[in-house]
Structures are given as C-alpha cells and as structure tokens.
Amino acid sequence: MPRLSFGAWVEDAVDWLQSNLTWIFDAIKTVLGGMYDGVNAVLGGGEPLLLAGIFAVIAFWLRGVFPAVLTFAGFALIDSLALWDEAMATLSLVVVAAVITILIAVPTGIWAARNNRVSAALRPVLDVMQTMPAFVYLIPGVMFFGVGVTPGVIATIVFAMPPGVRMTELGIRQVDGELVEAAQAFGTTPKHTLTRVQLPLALPTIMAGINQVIMLALSMVVIGGMAGAGGLGEKVYAAITQLQVGLAAESGIAVVILAMYLDRMTGALNERVSPLGRRAAAKVAAGARRLKFAHYKPGTAVAMTGVVVLALVAGGLNIAGSGDSKTAQAGSADVGKGQKINMGYIPWDEGIASTYLWKEILEQRGYETGITQLDAGPLYSGVARGDIDFQTDSWLPTTHKDYWDKYSDDLDDLGAWYGPTSLELTVPSYVEGIDSLADLKGQGKKFDGKIIGIEASAGMMGTLNKKVLKEYGLEGEYEVVSSSTSSMLAELNASIKKKEPVVVTLWSPHWAYGKHDLKKLEDPKGAWGKGEEVHTVAHKGFAKKAPAVADWLKNFKLTEKQLTSLENEIQEAGQGEEQDGVRAWLKKNPGLVDQLAPLPGGSQQQGKDAGKTVNMGYFPWDEAIASTYLWQNVLEDRGYRTTVKQLDPGPLYTGLAQGQLDVQFDSWLPTTHKDYWDRYEENLVDLGSWYGPTSLELTVPSYVKGIDSLADLKGQGKKFDGKIIGIESSAGMMGTLNKKVLKEYGLEGEYEVVSSSTSSMLAELNRSIKKKEPVVVTLWSPHWAYGKHDLKKLEDPKGAWGEGEQIHTVAKKDFAEDFPELTGWLKDFELTEAQLASLEVEMQKGGAGKEKESARRWMDANPDVVAKMAPVTG
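In short, a report on the structure. All of these numbers come straight from a predicted model, not from anything done at the bench.

In terms of burial, strand β2 (residues 368-373) is largely enclosed, as 5 of its 6 residues are buried. When strand β1 (residues 340-345) meets β2, the two strands line up parallel, connected through 6 bridges. Of the residues in β2, the one forming a bridge with I341 is T369. Taken together, β1, helix α16 (residues 349-364) and β2 constitute a β-α-β crossover, and its handedness is right-handed.

The following block contains the structure:
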C-alpha cells in the first residue's frame, strides 16, 4: 500500500488557514481573551478570604452549613499555599470555557434529540472530539492563536463538548413518550412541549452533562498550562518538568479543591432548578429529625444579599488598596515606564536562570514583565507570532536547528550570550570501562539496552538518533528513550542511589555535574559536532517595540563561572523563589545590573564645565528641533544648565553673532545658509558638520504620472495650478529655486513659487495627497515626509540645485573659550541617516511641547549615545 500523506494534507490546510484567515483567528482571540480577562479581573481582584466567603455563601445556599464551612476552609488552604492567583486564573479559564461549551452543547443536544439525521451525523464527530488526545488540539491552537489563554480555552471547549451534547440529547429522548403525546393532544405547540414538558423532565440528566463539562474543563488545566494559559496548570507543568514533588503536591491539592467545589455545587444546583430535584430535597429536609440546622439552606434572597455584601466589601478594599500599588521607579532608572515585556523559557537551568535574571533587571529599569514556561515548540511559535517578546535559551546551530529553520523568517537572533556548550552522553563514575562512546558497543545489556533521553523535540535527540548511534555502531543495540529533562534527571538520580549502570543525555554547563560524580563519554569521532552557543531570540519587531532592551540583550554575556553561580543560587532558593535567588546573586555581584543594562547617560558623570549655562537656538526644521533637544538632554546629563529658543534663521544668526546665543545645530552650508554665513562669519565659528550630504529638491506624490524630472514640469503648469509650494522666503533654497532652478529648466512665468512656511507646505502636501490632487513642493533630504508619504524626488539632470550640503554646528566667536569641553564634544558630533531619521520619528510621535521627553525616549533606546557624544575622562 502506498503511504497516505494525511499529515501533509493537514499541514497544508493549516498553512492555508494561517495565510488567509488570520483576521478570524485574531477576532476569536480578542473575544476569548477579553472574556477571560473580565472574569479573572472579578475573581482575582478581591481579597482572597472575602472571595472565599462568597464561595462559602454559595455553598451554604446550595448544600448547607457543613459544605459551606468546608468550602471556606478549602479556599483558605489555597490562599495559605500562595496559590490563590493561580487558582482564580484556572477558575476563570474553566468558567469561560464551560459557559461557551454549554451555550453550544445544550442547543446542539436539543437539535440532535429532535432530529435523527442530525444525531447520526453528530455521533462520529463527538467520538473524534472525545477520543482524540487532548494534546493534539493544542498544536493548531498555538499555531492559530499563539501561546496564552486562547489555545487552552479552545482545546477545553472541544474536549468538554461531547458529554454536554450527549447528555442533553439523552435526557430529552428519555422523557416518557406518553407525556409528550398527552401534551400534543391538548394542543401544546412543539416549542412549548420542549420548554414545558421535555426540558423540565430532562433537566437532571442535562445538569449531569453540565457537571461533566465542568469537570472535563478542569481536567484540561495542565494541558492549558503547556500552552501558556497560566494558572494552576502552569504550576503543575513546572513541577512535572522540574521534578518538584512538593510543588506538584500543593498545586494538585489546589486543583482537587476546585474540582470538588465545582462538582458539588453543580450537582446541588440541580436541586434548585429542577422540579424533581426540589421535591427530593424537600423530602430529605422533612424527614430530618436531628441536627435540622445541618440541613438548613437559606433562601435565594438571603444568599444573594450575603454575596452582594461581601462583594461590595471586597470591591471597596480593592479600590482603597489601589493607591498603594507599586509604581515604576522614578528618574533615569525608569527606562521602561511600565512597558510590558513578555518572556518565555524552556525549563532548562540556564533558561530559568537567564530569564529570571532579565526579569529582575527589567523590573529595576521600570518595565513590567510576564514570564511563561513552555516546551520548545510552543515557545518558538509564540515568539514568532509576537505573543512572547524574547527567550534566552536558543541552542544553535544544532539543538534548536529545526525550530530556527521553521520560524527564522519571523525571528531575530540577538546574539549568543554563552558558549561554547557541549552535548554528551554521560554515565556515573562508578560504571567501569565506559569512558568513550565507542566503549558502549557490545555493552547494551549492562544498560538494559536503553539510553535515557530528554524531550523528543530537542535537536540533540535528533543528532543522537541520526548521527551518534550510527557513527559508533550502536543502532539496534540501544533504544533512545524520549522523556523529559526532569524525567531523565529523575532516572539518573534513582540509578545512582541504587548504584545501577545508566547512560543519559546531558550537556554542559549543567548543575548535575556538581551534584553527582559523572563521566562525560568522549567523542573521538566528533559525532556530536562542535560546541554550540546559547542565543537570545526575539520576534521580528521587538527591536522597534523595546529598542533599549534589544540593545542590552545584544550585548548580554555571562561567563561560565557567573552562570554556574547563578544557577546554584536559584537552586538554593527553591521552586517559586527564582527571583529571590537572582536578587541574592546580584547582591554578590554589585554593578552587574548597570553593566548588563546601562542607563541613558551611562553613569551620569559630570562634565568638567558642569554648572555652566549653554544658550541654544533653533529654527523649526525637523533636524534642528531633534538635534537641539537631543543636546539639551545630553548636556543636562553632564551637569550643564541649558536654555532653548526658537527663532527664524535671520534673528538666530544675528543672536549668535552678537553673543546673545551660544550655539545652533542646523546650518546648511555652503548653499542654503550662505547669505547668513557670509554676513556674520567674522563673529561666528564653524564647529564642523555632523550630518551630510543633504539634498534639496522639488517633490511630487508618486501618483503624479509622467513627472519624474524637473524638465518634465515644463508645459505642465496647468496640472499644478501654476504653483510650486515653497517654505519660508528667507530660506536659501528659496533663493536658489527662484534665481537658478526655474531659469535653468525654463519654468519662469509658468510657475509661481508660493512662499509660506515649512508647516504650511507640509499641510498643503498632506491635503493634496488625501484628495489625490497633483502638487509640487519644495523638500529636502533627510525629511520624515518621505517615510510618511509615497513621494518622488524630481531628478535634477542639470545640477541646478548644486551639490549636496552638510549640516554644521555654528557657535559664537568665543565659544571655545567659554566651553572648551563642549567644543571638543561638538567637533566630534555625528549622526547617521538612520539615527537622525529614528530621532525625528520619535519627535513626531511625541508631538509639540514634548520635544525634550521625546529626545529622552530616543536616548533611552540608544543607551550608549551620551557616552559617545559627551565622553567624560578622568
């Protein structure tokens, strides 16, 4: 039989859906995420014991006194285990998934009960939904919706749906047919037969189905945790992968408490809503002779009053406590200003250590952080989608090669921070005669024919199976057992305790070499390949989202000694206390935070002339605004005082020449500002150019066809209403345009150059583009307008505009005597086109009145700029 490529078809279908229906998946993600956030805000936002009281009141209403007491005790225990937030997150996920499932399952079950064809069609679908391994649902879930709550909710809905549909159908079909016929005989409509006869009598069965829906939803918490849904599932998953028995037991107890509460409450709800249930409860209460108070249940009004009172108290406390919430660090350390950075990690020691290290560093720098533990596959998928910003444990080029090859188009490699590493097979030192991979041949019986591996998805497992075993002739003799890192370590630990021979996959660095006496098996044939590097990988747009963090990560390095000591500190701190371990380690390594995440302005060293006042002027051109406010921030970081004034070019040059101003950064020479320079040069000093060459040009929108050159304008005056929209009449380029460019291309008389202002010219350009009208304007490069609009620079084949200019810093005559240190800085000042463009864009985003703050944000994103622009020595 030829192989049926069913899996390939499924992958093709998934690829097509990803390419063509992303908007649907984004909409679903937004809706489900919003529902979850809303429920979680209610359940997780109040005082734990007051919410436990609300749950107890509900139990009192549905079950009685003793269940209420047990409910309060159970939820208080969850709080005492420090798992309240995780439990509420899990409960929120269950509530959202269960509500959606019930809203779909019950109507579907009713439809199936009333239509045999629908019932027959649904049966195999429900079989597949119920028997398909739940893990399978996570794969498309993560691919379509990314890591987080949504894949967990989707998988839960699919997995929990069948019993809801089946029990609803069963309940309605089990209603006595004679009752239905009697109702119909009395003229009852099909609608009323359903609502007044079938549903009330089927309600106990339907409620049993709803109970099963909720229980199955809760059983999915661990699987949801693997997809980054958080809550108790993440805790259980972390305990499993890291072999933390204590955490597993605590998290498991919390899950059990939630399960028992939901099971008992949904079961008891039947007594409140079902006529048969109310009748049975009344009989039990009437027959109780002793301990009648134990069977007492308050009325609905009384219970609702208790819930409302407790909810109001909890809400009031939450509002009162909101003023005490943690605020971001003030001053220059607050680089992040509360920006959220999401990190993910594989539960490998160096991944845990480096992730929690950066969590602490980023929080010290004013960022808000989120951390998610995932397997390698969902982690790379989440980073590629942008749900996770970066992860610090990519082993390249071997271990994670498959993931890199698959997602590299959507990832950025921010560089290696540790290496080289090594992959190896390892045995305990008491295993005699096994020192090399070659020594394993013929010794399979000693190790029960097994090599204990880690996750099957790990690249080293592929290398072991495809290359290492083959190279040393071990195929057939050994089976590589795929498990998990924690399971491999557990097997190693158990074997060492029993002094049994065992061979496991391991890598360096790893804390196991410090805990046990192990031998790395030599690899004389080099089958494992060269040592790898541990890289930081981010999603494609991360450098734009958080440029300062991206820059820090690119320069991130740890030595083997630093990494080993950090891992040991985290091991000593214990599960759940990783950040405390990091803080303890940082105390032993003072200055490391400033080294790994340097603040804007470096150490904020004072300049030699700190305290002096520098008077700066500028005219409202974008590069002038940007460079002036940049230098204002830099100088203030170096201890100078500053003033800034906006003037037209004429008054600005006059003020410099008279010594009323000290410096300005936007002299376009030798052309645009030639007249001013010629007039005042005896009283000015040129400190050199910091940007160039520039260009002056006439520009049209790209939709204006047939106009690509200044020569093309001739004879087309009517198209542009005979106007060229200019800027300030005092600008040198306006003189060049009128006296030379128009004459050179025979445009005099046909075109009028309209003098206005830079802002008016840009407004006219923007208005014309919105209306798709032809327009020709004066412009220059660099300018942010070329990034905002699709424009054409008209070619100048005759060179009428002249050669490109340089942007110079010009100061008063005795500037070097008054500011010798600053003079040196300004003579060396340079910005690249990319730097200036990004600075101008930041200024545009900030808007008028926020220029200084905008320049500071750009400096935060370019943390080395102060040290380069204004170096302080000695």
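To continue, consider helix α9 (residues 177-185). Capping the start of α9 is the job of one residue whose side-chain oxygen sits 3.0 Å from the backbone nitrogen of E178: D176. Among the residues trailing α9, G187 stands out with phi positive, at a value near 85°.

Moving on, we come to the environment of V149. In this fold, V149 is placed in helix α8 (residues 149-173). Separated by 59 residues in the primary sequence, V149 and T90 have C-alpha atoms spaced 10.0 Å apart.

Once that is clear, we can look at empty space enclosed by the protein. The final tally for this structure, using the stated rule, is 3 cavities of 30 Å³ or more. Each pocket or cavity is described by its volume, and for the largest cavity that value is around 50 Å³.

A separate point is the side chain of T168. Tracing the backbone shows T168 in helix α8. Taking relative accessible area as the criterion, T168 reaches 1% and is therefore assigned buried. At 2.7 Å, the side chain of T168 and the backbone oxygen of G164 are in polar contact. Filtering out sequence-adjacent residues up to four positions away, T168 remains in contact with A105, V106, G109, I110 and I206.

Our focus in this paragraph is the packing of aromatic side chains. The tally for this structure, following the rule as stated, stands at 25 aromatic pairs. Between the aromatic rings of W417 and Y418, the centroid separation amounts to 6.1 Å while the plane-to-plane angle is 55°, which identifies the pairing as tilted. Both residues of the pair, W417 and Y418, belong to the buried class. Of the aromatic side chains, those joined through ring pairs into one cluster are W631, F665, W690, Y691 and F829.

Time to look at the packing of α16 against helix α24 (residues 560-573). It is at 9 Å that the axes of α16 and α24 come closest, and there the two elements cross at 85°. The angle between α16 and α24 falls in the class roughly perpendicular. Contacts between α16 and α24 pair D349, E350, I352, A353 and L357 from the former with L563, L566, E567, I570 and Q571 from the latter. Taken together, the residues of the contact of α16 with α24 break down into 6 nonpolar, 1 polar and 3 charged.

This part is about the environment of Q364. Checked against the element boundaries, Q364 lands in helix α16. Taking the C-alpha atoms as reference points, Q364 and A597, 233 residues apart in sequence, are found 9.7 Å from one another. For Q364, the side chain forms a polar contact with the side chain of E360, separated by 2.9 Å.

Residues L357, W358, F390 and F542 are the most contacted members of the largest nonpolar core, which totals 88 residues. In terms of residues, this core owes the most to one element, α16, which gives 7 residues. In this structure, L357 is in contact with F556, L558, L566, V582, W585, L586 and L596, ignoring residues within four places of it in sequence. Of all hydrophobic cores here, the second largest spans 86 residues; its members include L661, F720, W784 and L822.

Moving on, we get to the environment of D860. With respect to the helices and strands, D860 occurs in helix α36 (residues 851-861). Linking D860 and L599, residues 261 residues apart in sequence, is a C-alpha distance of 7.5 Å.

A few words on the pairing of strand β8 (residues 504-508). The buried fraction of β8 is high, at 5 of 5 residues. Side chains of β8 alternate between two faces, with V504, L506 and S508 and T505 and W507 buried alike. Pairing of strand β5 (residues 422-428) with β8, which is carried by 5 bridges, proceeds in the antiparallel orientation. Residue E424 lies in a different strand from β8, and its bridge partner there is L506.

Attention now moves to helix α19 (residues 459-471). Taking 1.5 Å of rise per residue, the 13 residues of α19 would be expected to cover 18 Å, and the 17 Å separating its terminal C-alpha atoms lies within 8% of that figure. Of all the bends found along α19, the most pronounced is centred on N465 and spans about 35°. Of the residues making up α19, those classed as buried are G459, M460, M461, T463, L464, V468 and L469. In this fold, the buried residues of α19 make contact with β5, β6 (450-452), β7 (479-481) and β8. Following α19 by one or two positions, G473 adopts a phi angle in the positive range, close to 65°.

Conventions and cut-offs
Residues numbered from 1 in each chain as written. Predicted model: local features only at pLDDT ≥ 70, side-chain atom pairs only at ≥ 80, totals over all residues. Heavy atoms only, no water. Buried < 20%, exposed > 50% of the residue type's maximum accessible area, 1.4 Å probe, protein only. Helix = DSSP H or I, 4+ residues; strand = E, 2+ residues; numbered from the N terminus. Pairing = 2+ DSSP bridges. Right-handed = clockwise from strand over helix to strand, strands pointing away. Polar contact = N/O pair within 3.5 Å; in protein donor to acceptor, adjacent residues only side chain to side chain. 1 Å grid on protein atoms, 1.4 Å probe; cavity = no way out; pocket = protein on both sides within 12 Å on 5 of 7 lines; lining within 4 Å. Points joined across faces, edges and corners; volume = space filled by probe spheres on them. Contact = heavy atoms within 4.5 Å. Phe/Tyr/Trp six-rings, centres within 6.5 Å; stacked < 30°, edge-to-face > 60°. Axes fitted to C-alpha atoms, helices over the stretch in contact; angles between N-to-C directions. Parallel < 35°, antiparallel > 145°, perpendicular 65-115°, else oblique. Nonpolar A, V, L, I, M, F, W, Y, C, P; charged D, E, K, R; others polar. Core = buried A, V, L, I, M, F, W, Y, C linked by side-chain atoms within 4.5 Å. Expected span 1.5 Å × (residues − 1). Bend = angle between axes of the 7 residues up to and from the residue.

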